[in-house]
Amino acid sequence: MPAVTVPDVLTLPAIRHLDAASTDDRPVVSITTAPGGYEGLGFPVRRAFAGVDSRLLDPFVHMDQMGEVEYAPGEPKGTPWHPHRGFETVTYIIDGVFEHQDSNGGGGVITNGDTQWMTAGSGILHIETPPEHLVVSGGLFHGIQLWVNLPSADKFATPRYQAIEGNEVKLPSSEDGGALVRVIAGEVDGQGGPGSTHTPITLSHSTIEPGARLNLPWNRDFNALVYVLSGRGTVGPVGHPIQEGQLAVFGPGDRITVAAEPTQESRRPAMEVLILGGKPIREPVVAYGPFVMNSKAELVKALEDYNAGKFGTIPPNALMPHRAR
């Protein structure tokens, strides 16, 4: 980690200086620690949003940190074919390889900084699995899956797929070059990422060098979340301590402050964080498994439609979960 970087961050566009007298540094509302669990066929995850009030997360519904794990031969696991309706899944691979396919014709391979952005909308079938060579050999795997809610007007949108390669993300740096920001969707200081979203959001991955501080301009209309992928540091104007596997939720303001401790673990040369936020939808959310709807009746209908085969069919010669021989 990280997958996408540059030899010299000082050659990148620099985020403008933010005057403390004329901007509001967002205060920290809460810091929570993500519990561990397992997803799909048994790959380890951290549930990043566990224990956080859903109203503070809106428009986000769920986020898993997948790994970081060094698989032994035969250990890599993915998911079986499964349905989705009513939201978007965003799978960002930092290290490792995932193959994916859906019933709408989307699919491919994502690796080392790539993002698979799938709008489930009215309903889709989907699979994510490590390629057979990784199952056989083992290796490093680390990624994020984020669920972005859709407003009621878009719940039944036509399913859509976006393949975002790592070299397509925008790469601004902090003013002094101590932090590199990868903008996947939305914008940071006018630098727009390639992801196209139904719900206005910003999603970014930042590397902050030991002792460096990142002051990031942020849309006042968006909520603001920082999740630490690795390393340790502080967040907010007071400098609340935060470390790997923890999520900070921020209050109102127009900038976010994250600083890396001067000393990091030897295996973690820098602090790595996801910084994300979006415009709250402020609609009822009723979720069950892979369905995110606005009412119980819509949820029941989603289950009925799935059982009736209305989410499409698994294509011929489809990907299937790999098993070690």
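Bear in mind the structure is a predicted one, so any value in this text is a computation, not a measurement. (Residues numbered from 1 in each chain as written. Predicted model: local features only at pLDDT ≥ 70, side-chain atom pairs only at ≥ 80, totals over all residues. Heavy atoms only, no water.)

### Description of the packing of aromatic side chains
Stage number 1. Enumeration according to the criterion identifies five aromatic pairs in this entry.
Stage number 2. When the ring of Phe291 is compared with that of Phe311, the centres are 5.9 Å apart and the planes differ by 85 degrees; the resulting orientation is edge-to-face. One end of the pair, Phe291, is in strand 25 (residues 291–293); the other, Phe311, is in the segment after helix 3 (296–307), and 20 residues separate them in sequence.
Stage number 3. Members of the aromatic cluster, joined through ring pairs, are Phe291, Tyr306 and Phe311. (Phe/Tyr/Trp six-rings, centres within 6.5 Å; stacked < 30°, edge-to-face > 60°. Helix = DSSP H or I, 4+ residues; strand = E, 2+ residues; numbered from the N terminus.)

### Describing the sheet that holds strand 21 (residues 246–250)
Stage number 1. Strand order in this open sheet of six strands is 1-21-18-23-16-13, and the pairing throughout is antiparallel. This sheet does not close on itself; its edge strands, each paired only once, are strand 1 (28–33) and strand 13 (179–185). Put simply, the sheet's adjacent strands are angled 20 degrees from each other on average, direction ignored.
Stage number 2. As judged from the five bridges shared by strand 18 (residues 225–230) and strand 23 (residues 271–278), these two strands associate in the antiparallel manner. Bridge pairing in strand 23 places Tyr227 opposite Leu274. (Pairing = 2+ DSSP bridges. Axes fitted to C-alpha atoms, helices over the stretch in contact; angles between N-to-C directions.)

### A short note on the pairing of strand 19 (residues 232–235)
Stage number 1. Sheet topology places strand 19 next to strand 20 (residues 240–243); four bridges connect them, and they run antiparallel. Paired with Arg232 across the bridge in strand 20 is Gln243.
Stage number 2. The turn joining strand 19 and strand 20, which pair antiparallel and follow one another in sequence, is formed by four residues; a positive phi near 80 degrees is taken by Gly236.
Stage number 3. Sheet analysis places strand 19 next to strand 22 (residues 255–260), joined by three bridges and oriented antiparallel. From the neighbouring strand, Gly233 faces strand 22, where its bridge partner is Ala260.

### Some remarks on the pattern of salt bridges
Stage number 1. As enumerated under the stated definition, the model contains 14 salt bridges in all.
Stage number 2. Two residues, Glu68 and Arg268, come together in a salt bridge whose shortest N-O distance is 2.8 Å. Taken together, the positions of Glu68 in strand 4 (residues 60–71) and Arg268 in the loop between strand 22 and strand 23 put the pair 200 residues apart, joining distant regions of the chain.
Stage number 3. One continuous salt-bridge network, built from bridges that share partners, spans Arg46, Glu68, Glu244 and Arg268. (Salt bridge = Lys/Arg side-chain N within 4 Å of Asp/Glu carboxyl O.)

### Quick notes on the side chain of Thr32
Stage number 1. Summarising the element assignment, Thr32 is placed in strand 1.
Stage number 2. By relative accessible area, Thr32 is classed as buried at 18%.
Stage number 3. Non-local contacts of Thr32, meaning those with residues more than four positions away in its chain, are made with Ala50, Val52, Gly245, Gln246 and Leu247. (Buried < 20%, exposed > 50% of the residue type's maximum accessible area, 1.4 Å probe, protein only. Contact = heavy atoms within 4.5 Å.)

### Description of the sheet that holds strand 10 (residues 124–129)
Stage number 1. Spatially, the four strands line up as an open sheet ordered 5-10-7-8, and their pairing is antiparallel. Here the strands that pair on one side only, and so sit at the sheet edges, are strand 5 (82–84) and strand 8 (107–111). Going across the sheet, the axis of each strand differs from the next one's by a mean of 30 degrees, ignoring polarity.
Stage number 2. In this sheet, strand 10 lies alongside strand 7 (residues 97–102) in antiparallel orientation, the contact comprising four bridges. Bridged to Asp102 within strand 10 is His126.

### Observations regarding empty space enclosed by the protein
Over the atoms rolls a probe the size of a water molecule, and its path tells where empty space is left.
Stage number 1. On inspection of all chains with the given rule, the structure shows one cavity of 30 Å³ or more.
Stage number 2. Its volume calculated, the largest cavity comes out at about 30 Å³.
Stage number 3. In terms of lining residues, the largest cavity is bounded by Val90, Tyr92, Ile144, Leu146, Leu203 and Leu274. (1 Å grid on protein atoms, 1.4 Å probe; cavity = no way out; pocket = protein on both sides within 12 Å on 5 of 7 lines; lining within 4 Å. Points joined across faces, edges and corners; volume = space filled by probe spheres on them.)

### Some remarks on the nonpolar core
Stage number 1. In this structure, Phe49, Met63, Leu146 and Leu276 are the most contacted members of the largest nonpolar core, which totals 32 residues.
Stage number 2. Contributions of two or more residues to this core are made by strand 4, strand 6 (87–95), strand 11 (139–149), strand 13, strand 16 (201–208), strand 18, strand 21 and strand 23.
Stage number 3. The next biggest cluster of nonpolar side chains, apart from the first, holds 25 residues, and it includes Ile15, Ala212, Ala224 and Val258. (Core = buried A, V, L, I, M, F, W, Y, C linked by side-chain atoms within 4.5 Å.)

### Some thoughts on helix 3
Stage number 1. Helix length check: helix 3, at twelve residues, gives a terminal C-alpha distance of 17 Å against a target of 16 Å (1.5 Å per residue), a fit within 8%.
Stage number 2. Along helix 3, the residues classified as buried are Leu299, Ala302 and Asp305. The buried side chains of helix 3 occupy one side of the element, clustering within an arc of 125 degrees when seen end-on. Those residues of helix 3 that are exposed and angled more than 90 degrees off the buried face are Lys296, Ala297 and Asn307. (Expected span 1.5 Å × (residues − 1). Arc of directions from axis to C-beta.)

### Notes on unusual backbone geometry
Stage number 1. The peptide bond linking Asp58 to Pro59 adopts the cis configuration, its omega dihedral lying at 20 degrees.
Stage number 2. If you trace the backbone, Pro59 turns up in the loop between helix 1 (54–57) and strand 4.
Stage number 3. For the peptide bond that leads from Gly67 to Glu68, omega is 10 degrees, which places it in the cis range.
Stage number 4. At Asn112, a position not held by glycine, the phi torsion is positive, near 40 degrees.
Stage number 5. Looking at where Asn112 falls in the secondary structure, it is placed in the loop between strand 8 and strand 9 (115–119).
Stage number 6. For Arg282, which is not glycine, the phi dihedral falls at a positive 60 degrees.
Stage number 7. Structurally, Arg282 is set in the loop between strand 23 and strand 24 (286–288).

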